[in-house]
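Survey of secondary and tertiary structure
For reference, the chains in residue letters:
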Amino acid sequence: MIKKIITSSFFLCFVAISFAQETTDSLLNKVKEKAKEKLNISGTMGITYEGYGLSRSPSGWTGYQPRRPWNQVRFNFTPTFKFGKNFSLPFNFNFAAIPTNFAGPYAGIKKQNFSQFITNPLNSFGINPKYKWAELQLGTQYLKYSDLSTGDIGVFGYGVDLRPKNFLFKFFTGISQQGINYVAGPPIVTGAYKRKNWMAQIGTEKEGSYLFAFNVAKGKDIPNSAAPPPLTIRPQEGVVLSLVSDLYLEKGFYFKAEGAQSTFTKDLATPLTATLKSLKPFIEAHTSTLTDYAGQLAVGKKGKKLDLGVMIKYLGAGFQTIGYPFLQSDRLDYTLNTRINAWKNKMNIVASVGRRVNNVNNTALKAKQFIGNLNWFTQFSDKFSLNVNYNNFGFQTASGFNPYGIKNVSNDLGINPTFTFTGKKIVHLLSISYNYSKYDERDVLTGLTTSNNTHTGLLTYVPTYLEKEIAPDFSILYFYNDVPGAKITLATLSAALSMPAIKKKMRLRGQLQYTLGKLNSFSNSNNLIASCNIDYKLTKKLTWATFLTTNYYKYGNEIIPNGANYTETSCRTGFQYRFDTKKEK
């Protein structure tokens with residue numbers, strides 16, 4: 001039944017897209033005759049089919065599992081209708097006919113109901129009609145109100161964004177997670193509680209001058225929304241109140257500040273209590289409820305050649321918000337940030353340096369860590385440029401004893417010189433890239449710290465022919481990774497060629513890639529990948545794009561049975577129609 005639906009949908013969409021240009025032009029002509037205001041349509045719509053195949057040898061070996069659904073059809077419909085100067089109606093529909101998830105609470109569900117389908121992170125349905133300063137928000141929305149309230153989750157629901165003159169009012173409510181029953185399997189479905197979200201912002205704003213607003217964001221799980229309930233997840237509830245203020249002065253000076261309070265219940269099944277302070281009418285305190293604070297401050301000056309600023313951020317140990325579920329708490333960061341544009345715009349430096357203090361509320365376990373990043377680009381001449389980047393990030397606590405303190409710290413250094421030589425018929429581009437990465441991690445049970453060291457070197461050569469339409473490129477990659485118990489070495493050769501065809505209506509690109517790999521003292525592994533892109537412009541607004549690839553991998557003797565190998569094949573083909581009612585000059 002599903003195959004028939006997919007086949008019929010694909011055929012109907014192809015027919016619709018094929019005649020979309022003619023139909024749109026005809027309808028617009030009628031609209032223009034009857035309407036005084038001009039209607040403009042921009043954006044795209046399309047349909048794409050994805051096929052996946054996997055063969056494994058020897059027969060019956062299951063050491064390599066499928067990574068994608070065997071068949072998938074995806075639809076996108078993202079036009080924007082503009083009626084005159086004041087009204088716009090944008091659509092954002094992106095969804096798959098077969099909702100297959102490989103991670104998260106939806107993983108393992110073969111048949112999703114309608115509410116699960118429209119709120120699945122795999123899909124997106126959004127409509128945002130706007131008239132002058134009033135916007136109605138419907139469907140899936142990713143809304144950021146501030147850095148400490150909400151802004152990192154997708155919510156399916158409804159709301160408004162009103163901005164009359166300098167007044168600001170926002171409100172949105174909906175569901176960020178449907179209730180999913182636990183299933184022991186196979187396959188195992190981890191399950192999840194249904195989560196409702198509310199968020200609001202009220203204040204005043206003048207773009208480029210100031211912002212002063214009060215935010216409230218709340219999320220609550222419904223305990224009886226999953227039966228049987230998840231085994232490893234507890235129903236939670238949390239609310240954040242924050243006050244944000246941004247001020248932009250003359251000559252590039254700026255001031256940004258936000259203070260926030262969170263009240264978070266880790267388990268709604270725990271009893272209510274009067275010994276802890278509630279935050280009514282938003283939330284009532286349970287025995288598992290925590291209240292804490294956070295704040296951030298940034299001041300500085302922006303200019304054409306130089307930016308300089310200081311930022312301080314504090315997050316209490318109990319500060320937690322549903323709007324940023326992965327926000328790391330109990331830390332104090334202070335950084336100096338700068339941007340330098342010098343040497344007649346040939347040198348650009350973006351950098352920050354500072355310190356992070358972890359476990360701020362525990363003197364015995366308090367730990368300090370250097371944090372910083374650098375991106376330095378210099379164009380020395382028309383023939384030579386150099387880019388250097390460095391990043392340090394992570395989290396650590398003092399060592400402690402059984403359990404030992406957490407340590408996850410990464411340092412990355414990259415150097416990328418580029419050489420360009422111009423001849424009479426060809427321009428040669430040679431790029432050399434080296435990256436060193438070190439990741440240190442401490443085992444909280446044994447106290448032992450292990451290092452993951454990675455060296456990556458890449459050489460790329462791209463010749464550009466001035467009198468020919470072919471465009472080749474070649475690359476050599478060396479990768480070495482050293483972790484306790486495993487040393488991995490990879491060497492990759494790649495060659496690609498692209499060219500136009502059929503009077504430049506079609507663009508072809510083919511690529512071959514071979515990788516020789518080695519794990520410890522085992523025999524070498526071999527990997528060959530062949531791919532092809534075909535982009536065909538059927539009309540000015542209709543494009544047919546196809547991508548084909550084959551991936552053959554043969555293991556060394558680290559896998560039993562010896563000689564095990566697999567071949568993956570994938571095909572992606574689809575049509576994209578571009579809406580454009582503006583007359584070409």
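What you see is a predicted model; the values in this text were computed from it and never measured.

**A word on the overall build of the protein**
Helix and strand content of the protein: three helices and 27 strands. In the protein, the share of contacts with a sequence separation of at least 24, taken over all contacts with a separation of at least 6, comes to 54%. Surface accessibility of the protein: about 33,400 Å² in total, with carbon and sulfur atoms responsible for 62%. Put simply, the protein has 69 plus and 36 minus side-chain charges, and the middle of one group is 5 Å from the middle of the other.

**Observations concerning the state of the cysteines**
The tally for this structure, following the rule as stated, stands at zero disulfides. Between Cys571, a free cysteine, and Cys532, which holds the nearest cysteine sulfur, the sulfur-to-sulfur gap is 11 Å.

**Points about the nonpolar core**
Leu39, Ile41, Met45, Phe81, Phe91, Leu542, Phe575, Tyr577 and Phe579 together form the largest nonpolar core, which totals nine residues. Of all the secondary-structure elements, those providing two or more residues to this core are strand S1 (39-57) and strand S27 (565-580).

**Topic: the pairing of strand S16 (residues 347-358)**
Sheet topology places strand S15 (residues 331-342) next to S16; 12 bridges connect them, and they run antiparallel. Following the sheet pairing, Ala342 is matched in S16 by Met347. Connecting the antiparallel pair S15 and S16 is a turn made up of four residues, with Trp343 showing a positive phi of about 55°. Two elements, S16 and strand S17 (residues 367-379), share 12 bridges in a ladder whose sense is antiparallel. Across the sheet, Ser352 pairs through a bridge with Asn373, a residue of S17.

**Points about the pattern of salt bridges**
Oppositely charged side chains can pair when the atoms bearing their charge come close. If you walk through the whole model with that rule in mind, you get 15 salt bridges. Between Glu284 and Lys280 there is a salt bridge, with the nearest N and O atoms lying 3.8 Å from each other. With a relative accessible area of 41%, Glu284 lands in the partly exposed category. For Lys280, a relative accessible area of 60% corresponds to the exposed category. For Glu469, the salt bridge identified is with Lys504, shortest N-O distance 3.2 Å. With Glu469 in the loop between strand S21 (449-465) and strand S22 (471-483) and Lys504 in the loop between strand S23 (486-501) and strand S24 (506-519), the pair connects residues that are 35 residues apart, well separated along the chain. Under the relative-accessibility criterion, Glu469 is labelled partly exposed at 45%. According to the relative accessible area criterion, Lys504 is exposed, its value standing at 61%. Taken together, the shared-partner salt bridges connect Asp161, Arg163 and Glu205 into one network.

**Side note on the pairing of strand S12 (residues 253-265)**
Inspection of the sheet shows strand S11 (residues 237-248) paired to S12 by 12 bridges, in the antiparallel sense. Following the sheet pairing, Leu241 is matched in S12 by Gln261. In sequence, S11 turns back onto S12 through a hairpin of four residues, with Lys251 there showing a positive phi of about 60°. Two elements, S12 and strand S13 (residues 289-302), share 13 bridges in a ladder whose sense is antiparallel.

**Quick word on the side chain of Arg331**
With respect to the helices and strands, Arg331 occurs in strand S15. Its relative accessible area of 9% is what places Arg331 among the buried residues. At 2.8 Å, the side chain of Arg331 forms a polar contact with the backbone oxygen of Gln328. The residues touching Arg331, leaving out its near neighbours within four places in the chain, are Lys313, Tyr314, Leu315, Arg356, Val357, Asn358 and Val360.

**Quick look at the confidence of the model for the protein**
Any residue range with low pLDDT should be treated as having predicted coordinates unsuitable for detailed reading. When pLDDT is averaged along the protein, the result is 90, and 90% of the positions lie at 70 or above. This model gives residues 1-24 a pLDDT under 50, and the stretch forms 25 contacts once residues within four places in sequence are excluded.

**Things to note about the packing of aromatic side chains**
Applying the stated criterion to the full structure yields 23 aromatic pairs. Seen in terms of ring centroids, Phe75 and Phe95 are 5.1 Å apart; in terms of plane orientation they differ by 20°. Their pairing is stacked. Of the two residues, Phe75 is situated in strand S2 (residues 71-83) and Phe95 in strand S3 (residues 87-96); the sequence distance between them amounts to 20 residues. For Phe75, a relative accessible area of 12% gives the class buried. Relative to Tyr555, the ring of Tyr553 lies with its centre 4.8 Å away and its plane at 70°, an arrangement referred to as edge-to-face. Its relative accessible area of 16% is what places Tyr555 among the buried residues. Clustering of aromatic rings is evident, with ring pairs tying together Phe75, Phe77, Phe81, Phe91, Phe93, Phe95, Phe117, Phe125, Tyr577 and Phe579. The lysine or arginine in question, Lys218, covers the ring of Trp198, its NZ or CZ lying 5.5 Å from the ring centre. Across the ring face of Tyr254, the terminal group of Lys256 is positioned such that the distance to the ring centre comes to 5.9 Å.

What counts as what
Residues numbered from 1 in each chain as written. Predicted model: local features only at pLDDT ≥ 70, side-chain atom pairs only at ≥ 80, totals over all residues. Heavy atoms only, no water. Helix = DSSP H or I, 4+ residues; strand = E, 2+ residues; numbered from the N terminus. Contact = heavy atoms within 4.5 Å. Areas by Shrake-Rupley, 256 points an atom, 1.4 Å probe, with all protein chains shown as cover. Lys, Arg positive; Asp, Glu negative; His and termini not counted. Charge placed at Lys NZ, Arg CZ, Asp CG, Glu CD. Disulfide = S-S within 2.5 Å. Core = buried A, V, L, I, M, F, W, Y, C linked by side-chain atoms within 4.5 Å. Buried < 20%, exposed > 50% of the residue type's maximum accessible area, 1.4 Å probe, protein only. Pairing = 2+ DSSP bridges. Salt bridge = Lys/Arg side-chain N within 4 Å of Asp/Glu carboxyl O. Polar contact = N/O pair within 3.5 Å; in protein donor to acceptor, adjacent residues only side chain to side chain. pLDDT = per-residue confidence, 0-100. Phe/Tyr/Trp six-rings, centres within 6.5 Å; stacked < 30°, edge-to-face > 60°. Lys NZ or Arg CZ within 6 Å of the ring centre and 35° of its normal.

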